[in-house]
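In case you want the letters, here they are:
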Amino acid sequence: MLGPDNLPAITDPDEAARDLPVSVFSALTHAKDPALPAILDALATALANTGGETAADWAEYTEIGLGDAQTRELWRQLMTTRTSRFPGSGTLIEETRLKGKAEDILRILDLRGIDVPEAARARIATCTDLDTLSTWFDQALTVTRAEELFAQN
């Protein structure tokens, strides 16, 4: 069984980057450790430097695993700070949510047999507003044409 007694506290970003899953488990098992800010800092740096979907998935898993609201807020702040250097991007977690919501909308339309022109597909896929995507998601359940999603936007 993994726990703080048999899993090291990883506080070096290079070490964290070498094995992201172990680094995530390190952060989660050391959640009560006074060194947690340094552990999360190393992990956030490693994930930001790694980038991509895998890093985004591990970032989200970490956020979910950190049960304490104050600790999760620290994690969000660290990820926002680390990923702000990527032009036009929010946090890895936010990017994952946006992409997932857009994919869900397109899947619903596809399952309902609704043709999605390339322009509509691109507009959905590149939308960076979660509230708009949530509205389109709800509308995707009832529209008869993809273009109807954009009637009020």
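Preceding this paragraph is the structure being described.
Computed from a predicted structure; not experimentally measured. (Residues numbered from 1 in each chain as written. Predicted model: local features only at pLDDT ≥ 70, side-chain atom pairs only at ≥ 80, totals over all residues. Heavy atoms only, no water.)

Asks: Would you take a moment to explain the packing of helix α3 (residues 36–50) against helix α4 (residues 52–65) for this structure?
Replies: Two quantities define a packed helix pair, namely the angle between the helix axes and the distance between the axes. For the pair α3 and α4, the least separation of the axes is 8 Å and the interaxial angle reads 155°. Considered as vectors, α3 and α4 are oriented roughly antiparallel to each other. Our pair here, α3 against α4, has a crossing hand that is left-handed. Across from L40, L43, L47 and T50 in α3, the residues of α4 making contact are G52, A55, W58, A59 and T62. Counted by class, the contact of α3 with α4 contains six nonpolar, three polar and no charged residues. (Axes fitted to C-alpha atoms, helices over the stretch in contact; angles between N-to-C directions. Helix = DSSP H or I, 4+ residues; strand = E, 2+ residues; numbered from the N terminus. Parallel < 35°, antiparallel > 145°, perpendicular 65-115°, else oblique. Left-handed = near helix turned anticlockwise from the far one by under 90°. Contact = heavy atoms within 4.5 Å. Nonpolar A, V, L, I, M, F, W, Y, C, P; charged D, E, K, R; others polar.)

Asks: What's the story with the nonpolar core in this structure? I'm lost.
Replies: Soluble globular proteins tend to bury their nonpolar side chains together. L20, L40, L43, L47, W75 and M79 are the most contacted members of the largest nonpolar core, which has 20 residues in total. Put simply, the parts of the chain that give this core at least two residues each are α2 (20–29), α3, α4 and α5 (69–83). When residues in this core are grouped by element, the largest group, seven residues, is from α3. Setting aside anything within four residues of it in sequence, one finds L20 in contact with L43, A46, L47, T50 and W58. (Core = buried A, V, L, I, M, F, W, Y, C linked by side-chain atoms within 4.5 Å. Buried < 20%, exposed > 50% of the residue type's maximum accessible area, 1.4 Å probe, protein only.)

All quantities given are derived from atomic positions and should not be read as evidence of function.
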